[in-house]
Structures are given as structure tokens and as C-alpha cells.
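Chain by chain, the residues run as shown.
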Amino acid sequence: MKQTKKWLITFLSILLAGLLFIAAAVIYVDPFFQYHKPLSWFPYRLENQLTQNPGMAKNLDYDSVLLGSSMTLRFDTRWFRELFDLETIKLTYNAAYPLDQATIFEKIDESDNSLKAVFLGIDITTYCGSPDTRAYPLQTYLYDQNYFNDLEYLFNKDVLIQYLMTPILKGQKEADSFHTIYNKYYNPADYSRDIALANYHPLTEREPVPAKRDAYLDNLRENMTLHILPYLEKHSDVRFYIFFPPYSILFWHDAMQKNNVAARMAEYECLVELLAQYPNVELYFFAGDEEIITNLDNYTDYTHFSQEISRLLTQYMAEGTDRITLDNYKEKIQALQQLAENYDYGQWNLP
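Residues numbered from 1 in each chain as written. Predicted model: local features only at pLDDT ≥ 70, side-chain atom pairs only at ≥ 80, totals over all residues. Heavy atoms only, no water.

Trainee: Please clarify how the environment of F155 should be interpreted in this entry.
Mentor: Position of F155 among the secondary structure elements: in the loop between helix 6 (151–154) and helix 7 (157–169). The sequence separation of F155 and V26 amounts to 129 residues, and the corresponding C-alpha distance is 8.3 Å. Ignoring sequence-local partners within four residues, the contact set of F155 consists of L19, I22 and A23. (Helix = DSSP H or I, 4+ residues; strand = E, 2+ residues; numbered from the N terminus. Contact = heavy atoms within 4.5 Å.)

Trainee: Would you mind showing me how to read a negative patch on the surface here?
Mentor: A contiguous patch of negative charge, built from D132, D214, D218 and E222, is present on the exposed surface. Its place among the elements puts E222 in helix 9 (residues 217–234). On the accessibility criterion, E222 (40% relative accessible area) is partly exposed. (Patch = residues over 30% accessible without salt bridge, like charges linked within 9 Å, V, L, I, M, F, W, Y side chains within 5 Å. Areas by Shrake-Rupley, 256 points an atom, 1.4 Å probe, with all protein chains shown as cover. Salt bridge = Lys/Arg side-chain N within 4 Å of Asp/Glu carboxyl O. Lys, Arg positive; Asp, Glu negative; His and termini not counted. Charge placed at Lys NZ, Arg CZ, Asp CG, Glu CD. Buried < 20%, exposed > 50% of the residue type's maximum accessible area, 1.4 Å probe, protein only.)

Trainee: I'm lost on the sheet that holds strand 3 (residues 117–121) in this one. Help?
Mentor: Strand pairs in the sheet, formed through backbone hydrogen bonds, run parallel or antiparallel to each other. Spatially, five strands are ordered 2-1-3-4-5 in an open sheet, and the strand pairing comes out parallel. A single partner strand is all that each edge strand has here, and the edge strands are strand 2 (88–90) and strand 5 (281–284). Between one strand axis and the next, the sheet turns by 15° as a mean value, whatever way the strands run. Judged from the four bridges that link them, strand 4 (residues 239–243) and strand 5 form a sheet pairing that is parallel. Bridged to I242 within strand 5 is L283. (Pairing = 2+ DSSP bridges. Axes fitted to C-alpha atoms, helices over the stretch in contact; angles between N-to-C directions.)

Trainee: Even after reading the chapter, I still don't get the layout of surface pockets, so can you show me in this structure?
Mentor: One water molecule sets the probe size; rolling that probe over the atoms shows where empty space is left. The space that makes up the largest pocket amounts to roughly 280 Å³. Taken together, 15 residues line the largest pocket, and the ones lying closest to its centre are D61, E87, I89, F178 and H179. Of all the secondary-structure elements, those providing two or more residues to the lining of the largest pocket are helix 3 (78–84) and strand 2. A breakdown of the residues in the lining of the largest pocket according to their chemical character gives six nonpolar, four polar and five charged. (1 Å grid on protein atoms, 1.4 Å probe; cavity = no way out; pocket = protein on both sides within 12 Å on 5 of 7 lines; lining within 4 Å. Points joined across faces, edges and corners; volume = space filled by probe spheres on them. Nonpolar A, V, L, I, M, F, W, Y, C, P; charged D, E, K, R; others polar.)

Trainee: Can you help me understand helix 9 in this one?
Mentor: In an α-helix there are 3.6 residues to a turn, and that puts residues three or four apart on one side. The terminal C-alpha atoms of helix 9, which comprises 18 residues, lie 24 Å apart, in line with the 26 Å expected from a rise of 1.5 Å per residue. Taken as a whole, helix 9 carries its principal kink of about 45° at T225. By the burial criterion, the buried members of helix 9 are L217, L220, N223, M224, H227, I228, L229, Y231 and L232. Next to the buried residues of helix 9 lie helix 4 (98–110), strand 3, strand 4, helix 11 (261–275) and strand 5. (Expected span 1.5 Å × (residues − 1). Bend = angle between axes of the 7 residues up to and from the residue.)

That is the geometry; function is a separate question.
Laid out in C-alpha cells, this is it:
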């Protein structure tokens, strides 16, 4: 009996020591940056927006942020240092909804950084969704301030294997770049007219009844009122560079087939009317840049544009090119509508 008790105590002691070692290793390396800044020597893998963005927002040093969907994926934050003299971090989420932006806004506010600017890409495709919609389920233990549920982080198999052991065992010599985070597999050869057309699957029949012009506006206004405008008002001393990404002309072919071009234009109008009233906001209408959106060599599918175009958009914001204001918005949006409705889609053998 004594031998069994001794064996049990030994086993539990080893188990406890092992668990404490794992927890200490996770806290020390902190691959999701929940407790401290990244270690200078560890080869961090930067590949998971959901798990790594909140910690980066809270603990990295920066004075500006880049937010948005996969439309911001190809941006390099060093461009903002060069063109704006800002230390920017990328906190983007693929297919981001307004609620996703509001959630990361909260984490930014928890940091000790003095924010100077926010670069925000707004997608009309998600901002008209339900205000309680997220792109992905929220992993609460990484976003709240409750340390008791951090056990899901400290004793997480994926964290231990993929983010602690794998970089070392595979001989990764340095951390992935924070400047090009979520973009390390970019290949310029993936962007061309032929690839964009091959990746595009057009609707073959057109909706017979046009969408009502105000079809998306109720959700759009509610999303802005709940998730975006309060942050602009709270941070009146922060400069917001808000841009509408340049979807390719193939996106507008889809809109023609869905018969919702006018409804999409109403979204742009509503967004400008809501945002342009704020003195700390600059709006950029890249969506209507005909030279960009009609050149399919800039795209890999019907919306995602290349790193070269991302660089150009950053330069445009630094120069004030493609600004949209209450003085010119109707003209610019009408020009895009006319382009969408009159473009020769037949040159691409599209219906």
C-alpha cells in the first residue's frame, strides 16, 4: 500500500512538473503575444489572424494600424513608415465584418500606444451583413481579460506543437516578418488576366428583377452606428484613412448578373454621407479607379489585387489621390455605375 501511494505521489509530481513546464514555456515564448512583446531570438510563426491579432494589438509597439479584410492582405507596413512616417501594424481579418473591426478596436484601446492613424478598408459586401455577424467564431480566451480561462492557451496542443516546437524542429532561423504578416506566400506570378478569369465563376443568368436601391442600407447603417462610428467619435484626435478597395470589373459583372448595381452604389453613397462628416476622416474611392479595376493583370480573382496595387493605394493615400468627399461623391459613384453598366464584358466571353 505504501509503495502504491509512493508511486502515485511520484507520478502526480512528475505530471504537475510537466504541466508547469509547458505553461512556463508558453508564457515565456508567448507565441500569441498575450503577456509580452515577442522575444528577439525566437522564430515566431505569424499566420493566424484570430489568435495572434489580439495579443499584437495589446503588446506590440506602434502608432498606427491597418485594418480590414483580405483586401488589405498584400500591404507591407514598411510603406507606411516610408510615406507617412508611421510605425504601423497589420491587424486584418479575412472576410472581416464590422463586428470584427469593433472587437479589435477594443484590443487596440487596451494597449499603451498613442495612436496617430488608422487605415481601414471597408467592404460593401460585408458591411451590409447582420450586425451580429463575425467572419469566424471568437476565441474569447484570447480577447478577454480573464486570466483564468487562459488554460485554453497554456495547455493547447496546437500552440505547443505548431507554434513552439515546429519552428525550432524545422530549423526556422528567424521570425516571420511583422511587416508582411499573413502575406509570406505572395507570388507575383499568381496575378494576371488569365488567372483572374480562370478563378472567376460567372453567374450565367441575370436576375430578372433589380434589387431595391435601399436593399442593404438598414444593416449598413446599423453596422456603422454600432461598430464603426463610435470609435471615430471616441478618437477624434486620430486620423482615419478609410478606403473602398478596388474590386475588379469582374465583381461588377457579378453585380450586373445579380441586378444589384444600383443597390451597391447606394451603399457607397450612404457610407460617404456617414463618414465624410467627421473632420478626422479622409475617404478614398479606389473602387472607382477605372485604370486599376479594368486591368485584370492586377488580380488573382474577381476582387483580390496584387502587392503592387497595394503599394500604389498606400501612395495614393499619402498623396491624397482618389479622395472622395461630399462635394464629389455623387459624380464619382455615378461614374462607377456607368462603367459597370456599360462595360464590354463580352470581350472576356462573359454572359
